[in-house]
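As a plain string of letters, each chain reads:
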Amino acid sequence: VALKRMLNFNVPPVKNSTGEPVWKILIYDRFGQDIISPLLSVKELRDMGITLHLLLHSDRDAIPDVPAVYFVMPTEENIDRMCQDLRNQLYESYYLNFISAISRSKLEDIANAAIGANAVTQVAKVFDQYLNFITLEDDMFVLCNQNKELVSYRAINRPDITDTEMETIMDTIVDSLFCFFVTLGAIPIIRCSRGTAAEMVAVKLDKKLRENLRDARNSLFTGDTLGAGQFSFQRPLLVLVDRNIDLATPLHHTWTYQALVHDVLDFHLNRVNLEESTGTESTPAGARPKKKNKKSYDLTASDKFWQKHKGSPFPEVAESVQQELESYRAQEDEVKRLKSIMGIEGEDEGAISMLSDNTAKLTSAVSSLPELLEKKRLIDLHTNVATAVLEHIKSRKLDVYFEYEEKIMSKSTLDKSLLDMISDPDAGTPEDKMRLFLIYYISSAQAPSEIDLEQYKKALMDAGCNLDPLSYIKQWKAFTKMASAPTSYGNTTPKPLGLFSRVMNTGSQFVMEGVKNLVLKQQNLPVTRILDNLMEMKSNPETDDYRYFDPKMLRGSDSSVPRNKNPFQEAIVFVVGGGNYIEYQNLIDYIKSKQGKHVLYGCSELFNATQFIKQV
């Protein structure tokens, strides 16, 4: 909504205006591009009158009779370039929108350039938009994508980090979170764990919100904006969690559609890049397939199949794609049948009456064509994506890994020794084995003895694993042992429902023999459990000493005693140090069972296990 208002020259768009929109061009930097692209398609931009969208630092020609809307970060180089645009008199008028608040001195630089270029009248509006975060779903956001290594898990947890570096990282995170709450139009009540990076974020965010509220003249949370938030009647709870409370989940193999796509494919800012297979030439086992054409698909909110199934277990998704395909084929056949009837020769009575009868049918068939084509596009898209995921599941035996890790995490008996899994040459990549072992290591109450550990290490090395992450996890475990007991993951394991015989003999294009049909049971991951305690005001040793901040209180009091005793209706969970789709899905599943409650999930960056293991 905020973006659409900005693209409409910062006036809320009028619904029923019949006239053409005002044609304009949009100029953004990489940050602006990342914020807009998951939310607005090129077509939607065109509907709003954006005829051209260009990067700020590209070579742009002058278009003297068109207004330009800028959407950029207030950095030195961006401002220099904007001043240059003013001097070169590129456009008719300039609407300058800064993603994050611009400083007084930089604003003066622009003013000086405008005076020098004699273009003061052309700078129509200057706005701080406070939109420095990326929304990927209605209920999920990440902080940034450009230079995300600055706020990555590794950056926050480096042993040699200096205080000033840490301050900078925290300020970056807080700036984005502040933008998030300005856009929401709500002041949260903040809870966080003690002694973690999350606590530093909480302290700074509390201070920043407090200062903004005190400055009544310039406060961003007054009057018209507040009513606009969906939370006008009750304040949301912000739970700040540190990634270190649970390092097993980001390494875990997964079984739901969206998380699998993120784990095994190249899925980034809601766009998945696939390599198309060029033929059926066989590649030797374990070898990398040959170079292929890249294709990219957007998985967005308008994709109904995706919205419905992104949280479903994979077997269910394969089955649904198949069903969609069959219903599509039936519709297509109907259109073909009508076509052949319409081509009837001769003037006999029967044909004429059939004709009038079928005209109505044909009209409705024709009017449903666009819908049919869209359906076909989505089916093809998901057939390709699901097939690509399936190839990974089969070649790496991901179903086996998933089931085995769930058993480890829920402390149930294992049917096969860990050593066998690691030394099985057919099961998984070296990285899969490393992930499995790290989860075992993190979840075990007693660390394995030195002798066992050496044996595991040897097996891992024979399997070609890189052992660097283990030394980090070892230190982390020793450190957290002093701080707290290991996190429990509930005690439920997925049930196999027999193999996919039923789906597969109906001539499906998914050849799934040998893949286990695992069904998930809802169990709360640590992050979800913490949220549950704080949102429902349950007393639990895990969360009882969480700090409590209320930026609206005049004096900040350092207490963990919550002021309000009522459960919250809305909550935002934010993971400092990075998050993943497994946790997001787990939260969504949890909140479905709670009537009328909402949860948003945010993280400083979104990584899959491959990216995470490199940071450890």
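Residues numbered from 1 in each chain as written. Predicted model: local features only at pLDDT ≥ 70, side-chain atom pairs only at ≥ 80, totals over all residues. Heavy atoms only, no water.

A. Examining the overall build of the protein chain more closely. Within the protein chain, the secondary structure is distributed over 23 helices and 17 strands. Taking all 616 residues of the protein chain together, 49% fall into the buried category. In the protein chain, 78% of the contacts between residues at least 6 apart in sequence involve partners at least 24 apart. With an accessible surface of roughly 30000 Å², the protein chain has 54% of that area assigned to carbon and sulfur atoms. (Helix = DSSP H or I, 4+ residues; strand = E, 2+ residues; numbered from the N terminus. Buried < 20%, exposed > 50% of the residue type's maximum accessible area, 1.4 Å probe, protein only. Contact = heavy atoms within 4.5 Å. Areas by Shrake-Rupley, 256 points an atom, 1.4 Å probe, with all protein chains shown as cover.)

B. Expanded view of the packing of helix 17 (residues 430-443) against helix 18 (residues 450-462). In contact at an axis separation of 11 Å, helix 17 and helix 18 are set at 165 degrees when each is read in the N-to-C sense. With respect to helix 18, the axis of helix 17 lies roughly antiparallel. The chirality of how helix 17 crosses helix 18 is left-handed. Here K433, M434, F437, Y440 and Y441 of helix 17 lie close against helix 18, whose contacting residues are L453, Y456 and L460. Among the residues making up the contact of helix 17 with helix 18, the classes are represented as 7 nonpolar, no polar and 1 charged. (Axes fitted to C-alpha atoms, helices over the stretch in contact; angles between N-to-C directions. Parallel < 35°, antiparallel > 145°, perpendicular 65-115°, else oblique. Left-handed = near helix turned anticlockwise from the far one by under 90°. Nonpolar A, V, L, I, M, F, W, Y, C, P; charged D, E, K, R; others polar.)

C. Spatial organisation of the packing of helix 15 (residues 398-409) against helix 17. Axis separation between helix 15 and helix 17 bottoms out at 9 Å; the angle between their running directions is 10 degrees. Classified by the angle their axes make, helix 15 and helix 17 are roughly parallel. Residues L398, Y401, Y404, E405, I408 and M409 of helix 15 form the contact with helix 17, whose own contacting residues are D432, K433, L436, I439, Y440 and S443. Each residue belonging to the contact of helix 15 with helix 17 can be placed in one class, and the counts come to 8 nonpolar, 1 polar and 3 charged.

D. Representation of the side chain of D85 within the structure. With respect to the secondary-structure elements, D85 resides in helix 4 (residues 76-87). Among the residues examined, D85 registers a relative accessible area of 2% and is labelled buried. Apart from residues lying up to four places away in sequence, D85 is in contact with L56, R60, Y70, L90 and Y94.

E. Structural context of the packing of aromatic side chains. What the rule picks out here adds up to 23 aromatic pairs. On the basis of an interplanar angle of 15 degrees and a centroid distance of 4.0 Å, the ring pair of F141 and F180 is categorised as stacked. Residue F141 is found in strand 7 (residues 140-142), and its partner F180 is found in helix 7 (residues 163-184); the two are separated by 39 residues along the sequence. Given the relative accessible area of 2%, F141 is considered buried. You can call F180 buried: its relative accessible area is 6%. Put simply, the rings of Y257, F267, W306, F314, Y581, Y584 and Y601 touch in pairs and so form one group of aromatic residues. Sitting over the ring of F178, K208 keeps its end group 5.0 Å from the ring centre. (Phe/Tyr/Trp six-rings, centres within 6.5 Å; stacked < 30°, edge-to-face > 60°. Lys NZ or Arg CZ within 6 Å of the ring centre and 35° of its normal.)

F. Main features of the pairing of strand 3 (residues 63-72). The buried fraction of strand 3 is high, at 7 of 10 residues. Sheet topology note: the strand 1 (residues 24-28)/strand 3 ladder contains 4 bridges and is parallel. If you follow I25 over to strand 3, its bridge partner there is A68. Judged from the 7 bridges that link them, strand 3 and strand 4 (residues 91-98) form a sheet pairing that is parallel. Its bridge partner being in strand 4, A68 is matched across the sheet by Y94. With respect to chirality, the unit in which strand 3 leads through helix 4 into the neighbouring parallel strand 4 is right-handed. (Pairing = 2+ DSSP bridges. Right-handed = clockwise from strand over helix to strand, strands pointing away.)

G. Focus on the environment of F221. Within the element layout of this structure, F221 appears in the loop between helix 8 (197-214) and helix 9 (224-228). Residues F221 and I187, spaced 34 residues apart in sequence, show a C-alpha to C-alpha distance of 7.8 Å.

H. Geometry of the sheet that holds strand 8 (residues 189-192). The strand order across the open sheet built from 7 strands is 6-7-17-16-9-8-15, with neighbouring strands paired in mixed fashion. Only two strands of the sheet have a single partner each, and these edge strands are strand 6 (134-137) and strand 15 (547-549). Across the sheet, the axes of successive neighbouring strands diverge by a mean angle of 20 degrees, strand direction being ignored. The pairing of strand 8 with strand 15 spans 3 bridges and is classified as antiparallel. Bridge pairing in strand 15 links I190 to F549.

I. A look at the pattern of salt bridges. The final tally for this structure, using the stated rule, is 27 salt bridges. With a closest N to O distance of 3.1 Å, D47 and K43 form a salt bridge. Placement of the pair is D47 and K43 together in helix 3 (residues 42-47), with a separation of 4 residues, close to one helical turn. D589 is the partner of K592 in a salt bridge, and the nearest nitrogen-oxygen pair spans 3.6 Å. Within this pair, K592 and its partner D589 are both found in helix 22 (residues 581-592), separated by 3 residues, close to a single helical turn. On the basis of relative accessible area, K592 is assigned to the exposed category, the value being 60%. One connected set of salt bridges, linked through shared partners, spans D263, R396, D432 and R435. (Salt bridge = Lys/Arg side-chain N within 4 Å of Asp/Glu carboxyl O.)

J. Local environment of the confidence of the model for the protein chain. Chain-level pLDDT for the protein chain is 84 on average; 84% of the residues reach the 70-or-more range. Across residues 482-486, where pLDDT falls below 50, the model places 0 contacts with residues more than four positions away in sequence or in other chains. (pLDDT = per-residue confidence, 0-100.)

K. Highlighting a negative patch on the surface. Together, E76, E77, D80 and D109 give the surface a local cluster of negative charge. Within the secondary structure, D80 is located in helix 4. (Patch = residues over 30% accessible without salt bridge, like charges linked within 9 Å, V, L, I, M, F, W, Y side chains within 5 Å. Lys, Arg positive; Asp, Glu negative; His and termini not counted. Charge placed at Lys NZ, Arg CZ, Asp CG, Glu CD.)

L. Inspection of the sheet that holds strand 10 (residues 266-268) at higher detail. Strand order in the open sheet formed by 3 strands is 10-11-12, and the pairing between neighbours is antiparallel. Each edge of the open sheet is held by one strand with a lone partner, namely strand 10 and strand 12 (293-298). Taken pair by pair, the neighbouring strands of this sheet meet at an average axis angle of 25 degrees, ignoring direction.

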